[in-house]
Amino acid sequence: MRNNEMDKPRSKRSLRVKIISMGNSEVGKSCIIKRYCEKRFVHKYLPTIGIDYGVTKVPVKDREVKVNIFDMAGNPLFYEVRNEFYKDTQGAILVYDTSNRASFESLDAWLQEMQEEIGNKSEMDNVVVCVCANKIDKKRAVDEVEGQLWADSRGFSYFETSAFNGEGVGEMFQALFEGVVATAENGRRVPMQTQLGYTKDQIDAIQRLKNAKTDYDRLGVLPGASKDEVNRAYRKLAVLLHPDKSVAPGSEEAFKLLVASRTTLLKKCA
Ligand code: GTP
Ligand code: MG
């Protein structure tokens with residue numbers, strides 16, 4: 001007699017994963033999840049109370065992945081509720097609102113909260129994090145380069161999203177699930193592609209050039225610096241940022257700022 005079980009096609013290998021959402025209140029965490037799971041957008045702000053839970057199934061390569069999503073409330077009032085839910089997280093969407101600078105500036109505090117609650121450093125390092133720069137359909141207060149650099153410098157993937165029109169949401173979740181599955185298969189997090197190709201020194205130099213208020217600050221020299229000092233500072237930064245040498249996002253703009261500041265300062269020395 002034949003064994004019927006043997007005749008069945010092998011079912012897809014299944015996997016259960018835990019995903020959380022993090023980020024200030026009103027940045028759009030629930031709307032991003034709703035856009036992905038229900039393909040719709042809710043205009044009215046309905047704050048998440050503590051935590052929302054949902055399950056969805058997605059195919060990733062040859063696996064059927066059952067995704068448990070814990071959507072956290074961003075308001076500090078709900079800290080005591082959401083802090084229970086960080087443990088055993090495999091993937092996270094870390095969301096800020098591109099039209100609200102404070103929400104971008106809070107990202108490090110969210111990482112810190114996650115680190116404190118998870119405790120174990122290697123467990124934290126294995127969480128796959130996708131940074132979502134959300135509400136890109138609105139007027140921006142944080143540009144793409146700044147967000148990308150923040151994510152890259154921490155080894156996270158960066159996505160521009162709009163829960164309003166759906167842009168970037170599907171790609172972001174697909175990358176998140178693929179990252180989580182790869183981590184489960186490898187036993188540890190696989191480095192993100194975007195990390196490669198440039199250094200922290202390059203990132204720091206780009207940020208300083210972009211954010212500095214004066215030409216002196218851009219080059220990192222004191223007012224009254226000599227021609228030699230200006231040229232030395234210029235060369236140090238030019239080596240890091242020359243567009244032929246640097247693939248870091250924002251290098252080209254930063255290099256232009258560097259050249260302009262050097263020209264202005266050399267005129268002052270003359
Ligand atoms: P908490 O649950 O309080 O932590 O907030 P949340 O991060 O879950 O925010 P939620 O998804 O509830 O969205 C907050 C508000 O932003 C709502 O009024 C949404 O309609 C709006 N919103 C969310 N995403 C977008 C977006 O991509 N574009 C625009 N224009 N509005 C958005
Ligand atoms: Mg919410």
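Here, every reference points to the structure presented above.
Keep in mind the model is a prediction, meaning the values are calculated, not measured.

So, on to the coordination of the magnesium ion (ligand 2). The magnesium ion (ligand 2) binds to the protein through Ser30 (OG) and Thr48 (OG1), with metal-donor distances spanning 2.0 to 2.1 Å. Placement of Ser30 in helix α2 (residues 29–38) and of Thr48 in the loop between α2 and β2 (51–60) is noted, with a sequence separation of 18 residues between them.

In terms of backbone geometry, most residues other than glycine have negative phi values and most peptide bonds are trans. Phi is positive for Asp88, which is not a glycine, with a value near 65°. A positive phi angle, near 65°, is found at Lys135, a position not held by glycine. Relative to the elements of secondary structure, Lys135 occurs in the loop between β5 (128–134) and α7 (144–153). Look at Lys135 and you get buried, because its relative accessible area is 19%.

In the neighbourhood of ligand 1, 25 residues make up the surrounding shell, with Lys29, Val42, Tyr45, Gly74 and Asp137 lying closest. One of the backbone nitrogen or oxygen atoms of Gly28 is found 3.0 Å away from an oxygen atom of ligand 1. The contact in question runs from an oxygen atom of ligand 1 to an N or O atom on the side chain of Thr48, over 2.8 Å. In the complex, 92% of the free accessible area of ligand 1, which totals 660 Å², lies under the protein chains. If one sorts the elements of the shell around ligand 1 by residue count, α2 sits on top with three residues. In terms of residue class, the shell around ligand 1 is made up of 10 nonpolar, nine polar and six charged.

This part takes up the pairing of β2. In this structure, β2 lies alongside strand β3 (residues 63–72), joined through 10 bridges in antiparallel fashion. The partner of Val55 across the bridge, within β3, is Asn68. Linking two consecutive strands that pair antiparallel, namely β2 and β3, is a turn of two residues; a positive phi of about 50° is found at Lys61 within it.

Most often, soluble globular proteins have nonpolar side chains that are buried together. In this structure, Ile32, Ile93, Phe173 and Phe177 are the most contacted members of the largest nonpolar core, which totals 27 residues. Secondary structure elements with two or more residues in this core: β1 (13–22), α2, β2, β3, β4 (91–97), β5 and α8 (169–186). Phe173 has contacts with Ile32, Ile33, Tyr36 and Ile93, leaving out every residue within four places of it along the chain. Listed in part, the 25 residues of the second largest apolar core include Ile20, Met22, Val131 and Ala133.

Scoring rules and cut-offs
- Residues numbered from 1 in each chain as written.
- Chains lettered and ligands numbered in written order.
- Predicted model: local features only at pLDDT ≥ 70, side-chain atom pairs only at ≥ 80, totals over all residues.
- Heavy atoms only, no water.
- Donors = N, O, S within 2.8 Å, 3.2 Å for Na, K, Ca; no water.
- Helix = DSSP H or I, 4+ residues; strand = E, 2+ residues; numbered from the N terminus.
- Buried < 20%, exposed > 50% of the residue type's maximum accessible area, 1.4 Å probe, protein only.
- Near = heavy atom within 4 Å.
- Polar contact = N/O pair within 3.5 Å; in protein donor to acceptor, adjacent residues only side chain to side chain.
- Areas by Shrake-Rupley, 256 points an atom, 1.4 Å probe, with all protein chains shown as cover.
- Nonpolar A, V, L, I, M, F, W, Y, C, P; charged D, E, K, R; others polar.
- Pairing = 2+ DSSP bridges.
- Core = buried A, V, L, I, M, F, W, Y, C linked by side-chain atoms within 4.5 Å.
- Contact = heavy atoms within 4.5 Å.

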